[in-house]
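Residues per chain are reported as follows:
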Amino acid sequence: MRKLFIMMILIFFVAYLIHKTDEGANFHSPVYSGRELKIGIVGDIPKIREKNVSFIQMSMEDVLQKKFANVDSVFITKKHLKEAAEPQYAKIYWESPIPFVFIDSEKVYLAFLDDQLSYEDAHIIKSGDYVVGFYKDTYFGIGLYNNIRNEKTIQDCYSRLFVIIERFKNTGKILIK
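These numbers come from a predicted model, not from an experiment.

(A) Highlighting the environment of Ile41. The topology assignment puts Ile41 in strand β1 (residues 37-42). The class for Ile41 is buried, based on a relative accessible area of 0%. Sequence separation of Ile41 and Ile76 is 35 residues, and the distance between their C-alpha atoms is 5.8 Å. Ile41 has contacts with Pro46, Phe55, Ile56, Gln57, Met58, Phe75 and Thr77, leaving out every residue within four places of it along the chain.

(B) Just the environment of Asp44, in detail. Summarising the element assignment, Asp44 is placed in the loop between β1 and β2 (53-58). Relative accessible area serves as the criterion here: at 65%, Asp44 is assigned to the exposed category. Here the alpha-carbon distance between Asp44 and Gln57, two residues 13 residues apart in the chain, equals 8.3 Å.

(C) Main features of the sheet that holds β2. Spatially, six strands are ordered β2-β1-β3-β4-β5-β6 in an open sheet, and the strand pairing comes out mixed. The open sheet has two edge strands, β2 and β6 (138-143), and neither has a second partner. Pairwise comparison of adjacent strand axes, ignoring direction, gives a mean angle of 25° for this sheet. The pairing of strand β3 (residues 73-76) with strand β4 (residues 100-103) spans three bridges and is parallel.

(D) Spotlight on the side chain of Gln155. Along the chain, the position of Gln155 falls in helix α6 (residues 151-171). Overall, the relative accessible area of 9% leaves Gln155 in the buried class. Setting aside residues up to four positions removed in sequence, Gln155 forms contacts with Lys47, Ile48 and Arg49.

About the cut-offs
Residues numbered from 1 in each chain as written. Predicted model: local features only at pLDDT ≥ 70, side-chain atom pairs only at ≥ 80, totals over all residues. Heavy atoms only, no water. Helix = DSSP H or I, 4+ residues; strand = E, 2+ residues; numbered from the N terminus. Buried < 20%, exposed > 50% of the residue type's maximum accessible area, 1.4 Å probe, protein only. Contact = heavy atoms within 4.5 Å. Pairing = 2+ DSSP bridges. Axes fitted to C-alpha atoms, helices over the stretch in contact; angles between N-to-C directions.

From the geometry alone we can't say anything about function, so treat these as descriptive.
Have a look at this one:
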């Protein structure tokens, strides 16, 4: 009887581990299929599933010089967030004709918009958002499916972000549905 009990516990434990390993892989994640988007990116280009989204490499100096007229949005990756939060950029984000998106920030969006607040001193994000974006007076954030960080959930997050960028392109507003 004792051996059977131990065997049942081991089977349950193995099944639980398999479930946890596979968690996040079995959800419906539609690929963005809308209009072609051109995204300016400061940092490394992410691995995405979409063929109708292209990235144009940019630097923070390009942002400072407002060289983003030919893109639908600008993404700034984790490696450049500290620099992106420096005071000289805040006014650019506020006045930008396109949304800015900060990828994998540990800090709230105010780190980028408040020229009196450093990245280090800003509050830590508690919402679980993987991306935070801003356009005019509208903040938006998108989290990972079940807060699971893997390739599929990150790609899903980008697909949902592209839908928001397309809606912006069509309406001039950030609309989250």
